[in-house]
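These are the residues of each chain, in order.
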Amino acid sequence: MRIFLLILIMIFSKQAFGNCEKAANASRVVAAGGSLTEIIYYLGHQSHLVARDLTSNFPPEVKKLPSIGYLRNLSSEGLLSLAPSLILSEADAGPPHVIEQVKRTAVDFRIIKDDYDSKSILYKISCIGRILGTGERDIELKFRYLNDKIEQLRSVSSEGTEIKSVLVILMMRGTSPIIAGADTSGDGFIQMTGNMNAFADFSGWKPVGIENILDNNPDAIIITKRGFSGFKSLEDFLVKSGLIATKAGKKGSVFIEDGMAMLGFGPR
């Protein structure tokens, strides 16, 4: 196991060379992305955080920090007013012109890639650990813990149980769901469980009508707590959305989950 972890760190280090090299100054870090914030805490560098975006809500104490706004609707003034020495950002931060403005300043700005799989979680930890100056021994210990969890998941997902068709709902637009297609964190999450995405025939997060959902007829439905928040109960949600007519709705195979824990691809 130790040899495997060391090799993994070396591979990630080579892939990450440049973008993941140690920061010259990590004394004032701004995190734009919930998974990055969780990793900073996971590695024990939270004392360097001076601000976070609205998707950064775990652990709960991070909410005490100033907010730079929503990840995809940042402002250069809001970011730079905090005098950061380092900004760590997920790839979907925006809008693009703001990101370009910040990149043209003297502030060290790093975008951390994400491929929405288990290797990506380990990569992000390795990359951020290197940027913040975490020792290789400490990164290895964090890898060991998470790798054990990943192996447990792989074992469960390959036990020979029937593969299920799963629908992931990010949010509701009225009573219409915004769901995960291919190339999304929702799709990556479904694949990690060893199941199949009921809507892998299109890419991105898109609104889909009840007729299309009934045609695909998922075995299970997962909705974020944010998406479920506008409904009084599970029955209220299923009836108003029309999802009660699906196999998942009829069987009660509906799960309400923390969106960042499920879709952030961080340590949780």
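Residues numbered from 1 in each chain as written. Predicted model: local features only at pLDDT ≥ 70, side-chain atom pairs only at ≥ 80, totals over all residues. Heavy atoms only, no water.

## Regarding helix H5 (residues 118-132)
Part 1 of the argument: Compared with the 21 Å implied by 1.5 Å per residue over 15 residues, the 22 Å span of H5 between its first and last C-alpha is a close match.
Part 2 of the argument: With a side-chain oxygen positioned 3.3 Å from the backbone nitrogen of Lys-119, the residue opening H5 is Asp-117.
Part 3 of the argument: Of the residues flanking the end of H5, it is Gly-133, one or two places downstream, whose phi is positive at about 85 degrees. (Helix = DSSP H or I, 4+ residues; strand = E, 2+ residues; numbered from the N terminus. Expected span 1.5 Å × (residues − 1). Polar contact = N/O pair within 3.5 Å; in protein donor to acceptor, adjacent residues only side chain to side chain.)

## Focus on the pattern of salt bridges
Part 1 of the argument: Under the counting rule described, the total for this entry stands at eleven salt bridges.
Part 2 of the argument: Ionic pairing is found between Glu-100 and Lys-103, a salt bridge with its closest N-O pair at 3.9 Å. Here Lys-103 and Glu-100 lie together in helix H4 (residues 96-103), a separation of three residues that amounts to about one turn.
Part 3 of the argument: Classification of Glu-100 by relative accessible area gives partly exposed; the value is 39%.
Part 4 of the argument: Between Glu-162 and Lys-164 there is a salt bridge, with the nearest N and O atoms lying 3.6 Å from each other.
Part 5 of the argument: When its relative accessible area of 56% is taken as the criterion, Glu-162 is described as exposed.
Part 6 of the argument: Under the relative-accessibility criterion, Lys-164 is labelled partly exposed at 32%. (Salt bridge = Lys/Arg side-chain N within 4 Å of Asp/Glu carboxyl O. Buried < 20%, exposed > 50% of the residue type's maximum accessible area, 1.4 Å probe, protein only.)

## Remarks on helix H7 (residues 185-192)
Part 1 of the argument: Residues Ser-185, Gly-186, Asp-187, Gly-188 and Ile-190 constitute the buried set of H7.
Part 2 of the argument: Looking at the buried side of H7, the elements it contacts are strand S5 (165-173), strand S6 (176-180), strand S7 (196-197), strand S8 (205-207) and helix H12 (259-263).
Part 3 of the argument: In the segment just after H7, Gly-194 is the residue with positive phi, at about 85 degrees. (Contact = heavy atoms within 4.5 Å.)

In short, geometric facts, not functional conclusions.
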